[in-house]
Amino acid sequence: MKADEIVTSLAEPLREWLPRQRWFASKNRSIDAVEPQASVWLEDGDPGVVHALVTVRQQDIADTYQLLIGLASEPAEYIEVIGNVGELAAFDASVDPALLAPLLDFFAARADRHGVVFAPEPGTGPNTGLKTGLRPRSVGAEQSNTSLIFGDAYILKLYRRPLPGKQRDLELHRLLHAAGSPHIATPLGSIQARDTVLGFLQQYLPDATEGWAAASASVRDLMAEGDLHASEVGGDFAGEARRLGAAVAAVHADLARVGGSSAASPEQVANMVASMHARLDKVLKQVPEIAEHETTVRAAFDELNATPLVLQQIHGDLHLGQVLRTTSGWVLIDFEGEPAATLADRSALGSPLRDVAGMLRSFDYAAHHLHVGEGDARGEHQREVRAEEWVERNCAAFCEGYTAAGGETRDLREHHAELRAFELDKVVYEVGYEQQNRPSWLPIPLGALARLTAN
Ligand SMILES: Nc1ncnc2c1ncn2[C@@H]1O[C@H](COP(=O)(O)OP(=O)(O)O)[C@@H](O)[C@H]1O
Ligand SMILES: O=P(O)(O)O[C@H]1O[C@H](CO)[C@@H](O[C@H]2O[C@H](CO)[C@@H](O)[C@H](O)[C@H]2O)[C@H](O)[C@H]1O
């Protein structure tokens, strides 16, 4: 059977299955149609794998999604079947990673599977040490994309909503690699179909801990003993927060050096402020209860018009889940930008303060997520006081580390109003994000919105 016919026959069951996937973007709108764009057999047989790009139509929007469809007459019992195609059951191949083992070998062979091209980065390949035959496993956590780890050597990210044109994640990794940055995982290859990047192969850092996990452990430690301050408990995170600030400053400096930086024109600032207002307009419709803060938030956005901003390449969606602590230091991952942003917004240069604000917001999340679901989402008084102390201590340490490593041009003490505007913009984004993806976590950004607008 042709790959296209398989995907066409799955169009109906996919309408029901897609919105239940973590990586599916517009869960609030119903799906009108799923149409195959291009489908190829990656591996023929039973079991086999079909690679598909499909157009998902939802009222006025149409997005392209990447699917890897496993097909087997006898799928393992734990596998959720999307639908049946003749004798074969169809399912998401990433839940049976062994099926995707050949993907790594395709890189080594520089394979072209009916237009899906596996391209090692220059200097990587069979003669330069790309290992083959490694067993893949899926990254456990639910993510915006689907990642496979091969042995303890490589991680392959498959972009679920690929867009034509330059892929920021790949491009910025290349830029930082060329700059010799120690704060990224080495880029090793990409999967492309025509002008669209579908996947990104990178060095896997087996000894790494996610910043989110490390920060959460520190908060948990603090909560265990309500009488002690953050500076007095063993799991104090401030040293790490300071080093993280220094690493982010170094990445910003490298991005500015190799990618350039310039003072924002009044028009550029006006556009940035306009997109903050537009985001607020959108989220106000989604979560009308934030209307009580609207005037204060809009005034904070407008303050940006009066401040000089420097624009350059930035991370674009920085939070503790996007940084890994290895034995040698902090590494930044996932330079895709905000998953909800348009391609134009993602590729626009930004203020490094946006990244700083993202990280400050993440310290707030790390301190408060442990209370979510306890009735009063802010937790009982003592824990709340401790959580706030933790946030203050770690935000201050992060900013000190950033300022000390960044030199005069990156002294955060001089940018209070701008940071507040970027933090508020991020909070507004988070309100929309949580309402759509994790409604039980909505109290976290709502609490922050109340606090940030109170002073
Ligand atoms: N180079 C790496 N080494 C080790 N783990 C990694 C690496 N890159 C990503 N990870 C792990 O995989 C997870 C998903 O990666 P990420 O790039 O954030 O994907 P997504 O775009 O789906 O959010 C990360 O949270 C991290 O735990
Ligand atoms: O990692 P992604 O690119 O998918 O980023 C999106 O999802 C994040 C959640 O996983 C979200 O981050 C928010 O939750 C984090 C804790 O899970 C917290 O540390 C961040 O501060 C908070 O913004 C991110 O905003 C979103 O773009």
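Cut-offs used in this document
Residues numbered from 1 in each chain as written. Chains lettered and ligands numbered in written order. Predicted model: local features only at pLDDT ≥ 70, side-chain atom pairs only at ≥ 80, totals over all residues. Heavy atoms only, no water. UniProt positions renumbered as here; feature names shortened; annotations may be inferred. Near = heavy atom within 4 Å. Polar contact = N/O pair within 3.5 Å; in protein donor to acceptor, adjacent residues only side chain to side chain. Areas by Shrake-Rupley, 256 points an atom, 1.4 Å probe, with all protein chains shown as cover. Helix = DSSP H or I, 4+ residues; strand = E, 2+ residues; numbered from the N terminus. Nonpolar A, V, L, I, M, F, W, Y, C, P; charged D, E, K, R; others polar. Expected span 1.5 Å × (residues − 1). Buried < 20%, exposed > 50% of the residue type's maximum accessible area, 1.4 Å probe, protein only. Arc of directions from axis to C-beta. Contact = heavy atoms within 4.5 Å. Axes fitted to C-alpha atoms, helices over the stretch in contact; angles between N-to-C directions. Parallel < 35°, antiparallel > 145°, perpendicular 65-115°, else oblique. pLDDT = per-residue confidence, 0-100. Core = buried A, V, L, I, M, F, W, Y, C linked by side-chain atoms within 4.5 Å. Domains from an automatic or database assignment. Disulfide = S-S within 2.5 Å. Salt bridge = Lys/Arg side-chain N within 4 Å of Asp/Glu carboxyl O.

- Looking at an unreviewed UniProt entry, one finds the protein chain named Maltokinase, with Hoyosella altamirensis as its source organism.
- Quoted straight from UniProt, the Sequence similarities (unreviewed entry) entry for the protein chain says "Belongs to the aminoglycoside phosphotransferase family."

1. Focus: the site of ligand 2
- Within the structure, ligand 2 sits among 17 residues, and S144, S362, Y429, E430 and Y433 are positioned closest to it.
- Within the side chain of E430, an N or O atom sits 2.6 Å from an oxygen atom of ligand 2.
- Protein chains shield 92% of the accessible area of ligand 2, which is 530 Å² for the free molecule.
- Where the shell around ligand 2 is concerned, the elements lending two or more residues are α10 (352–368) and α12 (416–437).
- Among the elements that line the shell around ligand 2, the one with the most residues is α12, at 4 residues.
- Of the residues contributing to the shell around ligand 2, the split by class is 6 nonpolar, 4 polar and 7 charged.

2. Focus on the UniProt feature "domain: Maltokinase N-terminal cap" (unreviewed entry) in the protein chain
- What UniProt calls "domain: Maltokinase N-terminal cap" (unreviewed entry) maps, in this numbering, to residues 17–96.
- For residues 17–96, the helix share is 1%, the strand share is 52%, and the end-to-end C-alpha distance is 17 Å.

3. Some thoughts on helix α5 (residues 211–224)
- Here α5 spans 20 Å end to end across 14 residues, near enough to the 20 Å set by a 1.5 Å rise per residue.
- All of the buried residues along α5 are G211, A215, S216, S218, V219, L222 and M223. Taken end-on, α5 shows its buried residues confined to a sector of 155 degrees, consistent with a single buried face.
- For α5, the secondary structure elements touched by its buried residues are β13 (209–210), β16 (323–325), β17 (330–332), α10 and α11 (381–406).

4. A closer look at the packing of helix α4 (residues 168–178) against helix α6 (residues 238–259)
- Direction vectors running N to C along α4 and α6 enclose 90 degrees, while the axes themselves pass 9 Å from each other. Here α4 is positioned roughly perpendicular relative to α6, judged by the angle of their axes. When α4 is examined against α6, the residues L172, L175 and L176 are found in contact with a partner set consisting of V251, D254, L255, V258 and G259.
- Of the residues belonging to the contact of α4 with α6, the class tally is 6 nonpolar, 1 polar and 1 charged.

5. Here's the deal with the site of ligand 1
- Taken together, the neighbourhood of ligand 1 is formed by 17 residues, with Q143, N145, K157, L205 and E210 sitting nearest.
- At 2.8 Å from an oxygen atom of ligand 1 is found a main-chain nitrogen or oxygen belonging to N145.
- In this structure, an oxygen atom belonging to ligand 1 sits 2.7 Å away from a side-chain N or O atom of E210.
- Of the residues belonging to the shell around ligand 1, the class tally is 7 nonpolar, 6 polar and 4 charged.

6. Comments concerning the confidence of the model for the protein chain
- Overall, the predicted model of the protein chain reaches an average pLDDT of 91, with 96% of residues at or above 70.
- This model gives residues 375–379 a pLDDT under 50, and the stretch forms 14 contacts once residues within four places in sequence are excluded.
- Across the whole predicted complex the pTM is 0.92, and at the interface the ipTM reaches 0.95.

7. Notes on the nonpolar core
- Within the largest apolar cluster, 69 residues are counted, with the highest numbers of intra-cluster contacts made by I290, F363, W390 and F398.
- Counting the residues that make up this core, at least three belong to each of domain 2 (101–203) and domain 3 (209–454).
- Each residue touching I290, except ones within four places of it in the same chain, is listed here: L280, V283, L284, V431, L446 and L449.

8. Thoughts on the state of the cysteines
- The final tally for this structure, using the stated rule, is 0 disulfides.
- The thiol of C399 is unpaired, and the distance to the nearest cysteine sulfur, on C395, comes to 6.5 Å.
- Owing to a relative accessible area of 18%, C399 belongs among the buried residues under this scheme.

9. Remarks on the pattern of salt bridges
- Scanning the entire structure with this criterion turns up 30 salt bridges.
- D63 is the partner of R161 in a salt bridge, and the nearest nitrogen-oxygen pair spans 3.5 Å. Of this pair, R161 sits in the loop between β10 (154–158) and α4 while D63 sits in strand β3 (residues 61–72), and the two are 98 residues apart along the sequence.
- Residue classification places D63 among the buried positions, given a relative accessible area of 14%.
- A salt bridge links D254 to R257, with the nearest nitrogen and oxygen atoms 2.8 Å apart. Here R257 and D254 lie together in helix α6, a separation of 3 residues that amounts to about one turn.
- Here the salt bridges do not stand alone but share partners, grouping K157, D169, D334, E336 and R346 into one network.

10. Observations regarding the environment of V56
- For V56, the location among the structural elements is in strand β2 (residues 48–58).
- In this structure, the C-alpha to C-alpha distance between V56 and D32, residues 24 residues apart in sequence, is 7.7 Å.
- Here V56 is in contact with L18, F24, I31, A33, I61, A62, D63 and Y65, once residues within four sequence places are set aside.

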